[in-house]
Amino acid sequence: MLALLLSLHTLGRSLAMASAELLAVPGAAGRAGGGGGGVSPGVGTEAREALERVLPVLRRALGHAVRADTAPALRAALSEVFRLVEEAWGMPAVGRDVAKVLCDVIRLEGGLDLLLSLLYTAELETKCQAGKLLEQILVAENRDRIARIGLGVILNLAKERDIPQLAQSLSGILEHMFKHTEETCFQLISDGGLDTILYWCRWTDPAVLRHCAMALANCAMYGGQANQRLMIEKKAAEWLFPLAFSKDDELIRLHACLAITVLATNKEIEKEVERSGTLALVEPFIASLDPEQFACRMLGSSDNIQGRTAQDLQRLVPLLDSSRLEAQCIAAFYLCTEAAIKARQKKTQIFSEIGATQSLKRIVCYSTSSTTSSLAKKVLRLIGEEVPRRILPTVPNWKSCEVQTWLQQIGFNKYCQRFLDHQVDGDILLRLTEEELQQDLGMDSSITRKRFFRELTELKTFANYSTCDRSNLADWLGSIEPKFRQYTYNLLTCGIDRNFLHRVTEQQLQEDCHIHTGFHRVRILTAARETLHSPITLQTATNGTDVFISYRRSTGSQLASLLKVHLQLHGFSVFIDVEKLEAGKFEDKLIQSVLSARNFVLVLSPNALDKCMEDPECKDWVHKEIVTALNSGKNIVPVTDHFEWPDPETLPKDMRAVLKFNGIMWSHEYQEATIDKIIRFLQGRSSRDSSAGSENGLDCLHSLGQS
């Protein structure tokens, strides 16, 4: 409440001062007298013409909004401003430039402060109109102003989270504000903004879910490690699962996958992220997409036609350089879609400016993922860069000719003959010292040697040592710090493996293994000794999950994913097959998952059993899962969602018994109450026991969510 009062106090002062602010942005200068263009010379011709046409109309609409004496007149004026801004964002080539100027004008002429005032004082319809416009104008400078004077208003409004028409714009406002600063992210998390976003993750409105996914991605990317830890404590990783699992909107899935991947690159919370199960959805989803088709869909959307800014894209570069394959994969895909957009805008130089080009080339050379490597190649072609050849990863086995190829690729052609004369192969290359490089191979310049060792370190880091590394020392070193993989061959050639490493001294690491950085030696030895003394947990074959969720992907995936999250947050271990694999060795694995689970939750969504009706050979997956659960005596809990129970005679005999179980009717309005009821069945009350409750037992409960 104090934050809100302070915000309103500051807002009142700013409204009084707004008219005194100078319009000091390109293209927004007022007209002097009757002549002159009134648009900054720095603006391109097309943008200048658009601004000269639009700015007078915008100023009139703003004036009408300020002077409006009735609510309908005010809403009409706001609607006109919204139309002008929306049309500006939709201009293919110059939309960002034009819209930026309009957003600045709205702020500098008091429109932004007016919107904040309306969000606090107006009736619902006007409040929704103001929120809709505010969402459209949150460029960087306007986010700054909101953070300074209006964050309390936004956070207070976020408490009204059960109003669907307000949720669409408010979720969009929060999405933008989560990319402001780490301090703003912390305030949004501390004062309930993140809680509201996570609450909306259980809704079904695509517009709200899209904003939620992007808000969580922004918070992960811009919030810093401390706020990422808070996201984990708030169970954001779990609530990202239904967003990443959504089959209806690829943009929701993409940003949910981006959010979970960014969280996974934080070593401090990596294990918690992996336990959520959401991370496993990333690579299969990205592999299913065509980036150019995805870019075309984005170009057809007014929200995404401009693509992302350089500042946004620069946040993806650390993902390209991450040791996690999911991070490399999603960053390469995102940049591929952006490259298609920027190529049409003739702005491909942005990729060199943000430092992405070299990282993409590194992926092409070294990545073990064909999907990621293919995406990186597409980006490089789209932006007109040379695509390097893939480097054979088994460097210890290289012959002299392969060393020659690598030298040419990194730009050291001048020294090829010297290396060839000395028959430098992969083994010698990995053990080269600076003295040998200077005296034997004639690399006299110290700067040139630094450049060479930079490339050699990268090669050592990404090399495959499997032919000589039986204890998998390389991956263990990489788990401490990805760049520590460079020391693998030094250790192996000294006869050191993972089982012996804890006996090595720091002096031996320095003198024999040539690990010259003291801090690296300490970290490696500390990790080796911790591994030696850490308890080993053995998983037995009898360990199963608490719940197996069976569902029809075409109609039941959204509910299945919600059930998974709710049950996990209540302490249950849950198995849900995310891909519905068709055949082969996965069949036994899936059936074994049913057998090892203690409970079987059957999601009965519309038409969920239709494919079972003409399946006498039990080839349909849902049919197969139900029969397995019945034959093994599992506690079966059907959860229905707009499901019509079929005539038993229409189903195969081997699964008809499932109709004898009492179904629990799912309600989006009463999610917590429904989950409580499901948990009662899971904790020992058989769903055959009608006293446990019927499908219609929720009528008297208060609404907990969206209608």
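The preceding data block contains the structure.
Now for a description of the structure that goes with this document. It should be emphasised that the depicted structure is a prediction, and the values quoted were computed from it without experimental measurement.

**Comments concerning the pairing of strand S3 (residues 599–604)**
Among the 6 residues of S3, 6 are classified as buried, and the element is accordingly described as predominantly covered. The alternating pattern of S3 places Asn-599, Val-601 and Val-603 and Phe-600, Leu-602 and Leu-604 on opposite faces, both of which are buried. Across 4 bridges, strand S1 (residues 547–550) lies against S3 in parallel orientation. When the sheet's bridge partners are listed, Phe-548 is paired in S3 with Phe-600. One ladder, built from 6 bridges, connects S3 with strand S4 (residues 635–640); its direction is parallel. The partner of Val-603 across the bridge, within S4, is Val-639.

**Some points on the pattern of salt bridges**
Applying the stated rule across the entire model yields 33 salt bridges. A salt bridge links Lys-179 to Asp-312; its shortest N-O distance comes to 3.0 Å. Linking Lys-179 in the loop between helix H8 (164–177) and helix H9 (182–190) with Asp-312 in helix H18 (residues 310–314), this pair joins segments that are 133 residues apart in sequence. Across the pair Glu-250 and Arg-297 runs a salt bridge whose closest N-O atoms are separated by 2.4 Å.

**Digging into unusual backbone geometry**
At Lys-235, a position not held by glycine, the phi torsion is positive, near 70°. Tracing the backbone shows Lys-235 in the loop between helix H12 (224–233) and helix H13 (236–245). Of note in this structure, Gln-423 is not a glycine but carries a positive phi near 50°. Mapped onto the elements, Gln-423 comes out in the loop between helix H25 (416–421) and helix H26 (426–430). The class of Gln-423 is exposed, set by a relative accessible area of 58%.

**A word on the packing of aromatic side chains**
All told, the structure shown has 15 aromatic pairs when counted by the stated rule. Each ring, one from Phe-294 and one from Phe-333, has its centre 5.4 Å from the other, and the planes form 70°; the classification is edge-to-face. Here the residue Phe-294 occupies a position in helix H17 (residues 291–299), and Phe-333 occupies one in helix H20 (residues 325–345), the gap between them amounting to 39 residues. The same class applies to Phe-294 as to Phe-333, namely buried. Sitting over the face of the ring of Tyr-199, Arg-161 holds its NZ or CZ atom 3.9 Å from the ring centroid. Across from the ring centre of Trp-621, 4.7 Å away, lies the NZ or CZ of Lys-624, which sits over that ring.

**So, the environment of Asn-304**
Looking at the element boundaries, Asn-304 is found in the loop between H17 and H18. With relative accessibility at 6%, the residue Asn-304 sits in the buried group. For Asn-304, the contacting residues outside a window of four places in its chain are Leu-251, Met-298 and Ile-341.

**Considering the sheet that holds S3**
Judged by pairing direction, the sheet is parallel, and its 5 strands sit side by side in the order S2-S1-S3-S4-S5 without closing on themselves. The sheet is open, and its two borders are formed by strand S2 (574–576) and strand S5 (664–665), each paired with just one other strand. Across 3 bridges, the pairing between S1 and S2 is parallel. Within S2, the residue paired with Phe-548 across the bridge is Phe-575. Strand contacts of helix H37 (residues 671–682): S1, S3, S4 and S5, with the helix running at about 165° to S4, the strand carrying the most contacts.

**Description of the pairing of S4**
Most of S4 sits inside the fold, with 6 of its 6 residues counted as buried. Burial along S4 is two-sided: the face carrying Asn-635, Val-637 and Val-639 and the face carrying Ile-636, Pro-638 and Thr-640 are both buried. The pairing of S4 with S5 spans 2 bridges and is parallel. Looking at the pairing, Thr-640 lines up with Met-665 of S5.

**Points about the packing of helix H11 (residues 206–222) against H12**
Interhelical geometry of H11 versus H12 gives an angle of 135° and a closest axis separation of 7 Å. Judged on the interaxial angle alone, H12 and H11 are oblique. Within the contact between the two elements, H11 uses Leu-216, Cys-219, Ala-220 and Tyr-222 and H12 uses Gly-224, Gln-228 and Met-231. Looking at the contact of H11 with H12 residue by residue, the classes come out as 5 nonpolar, 2 polar and no charged.

**Focus on the environment of Asp-676**
Mapped onto the secondary structure, Asp-676 falls in helix H37. Separated by 106 residues in sequence, Asp-676 and His-570 place their C-alpha atoms 9.5 Å apart.

**Regarding the packing of H13 against helix H14 (residues 250–264)**
Relative to each other, H13 and H14 sit at 150°, their axes nearing to 7 Å. Between H13 and H14, the interaxial angle falls into the category roughly antiparallel. The handedness of the crossing between H13 and H14 comes out as left-handed. Each of Ala-237, Leu-240, Leu-243, Ala-244 and Phe-245 in H13 lies in contact with H14, whose residues at this interface are Ile-252, Arg-253, Ala-256, Cys-257, Ala-259, Ile-260 and Leu-263. Across the contact of H13 with H14, the residue classes tally to 11 nonpolar, no polar and 1 charged.

Calculation criteria
- Residues numbered from 1 in each chain as written.
- Predicted model: local features only at pLDDT ≥ 70, side-chain atom pairs only at ≥ 80, totals over all residues.
- Heavy atoms only, no water.
- Buried < 20%, exposed > 50% of the residue type's maximum accessible area, 1.4 Å probe, protein only.
- Helix = DSSP H or I, 4+ residues; strand = E, 2+ residues; numbered from the N terminus.
- Pairing = 2+ DSSP bridges.
- Salt bridge = Lys/Arg side-chain N within 4 Å of Asp/Glu carboxyl O.
- Phe/Tyr/Trp six-rings, centres within 6.5 Å; stacked < 30°, edge-to-face > 60°.
- Lys NZ or Arg CZ within 6 Å of the ring centre and 35° of its normal.
- Contact = heavy atoms within 4.5 Å.
- Axes fitted to C-alpha atoms, helices over the stretch in contact; angles between N-to-C directions.
- Parallel < 35°, antiparallel > 145°, perpendicular 65-115°, else oblique.
- Nonpolar A, V, L, I, M, F, W, Y, C, P; charged D, E, K, R; others polar.
- Left-handed = near helix turned anticlockwise from the far one by under 90°.

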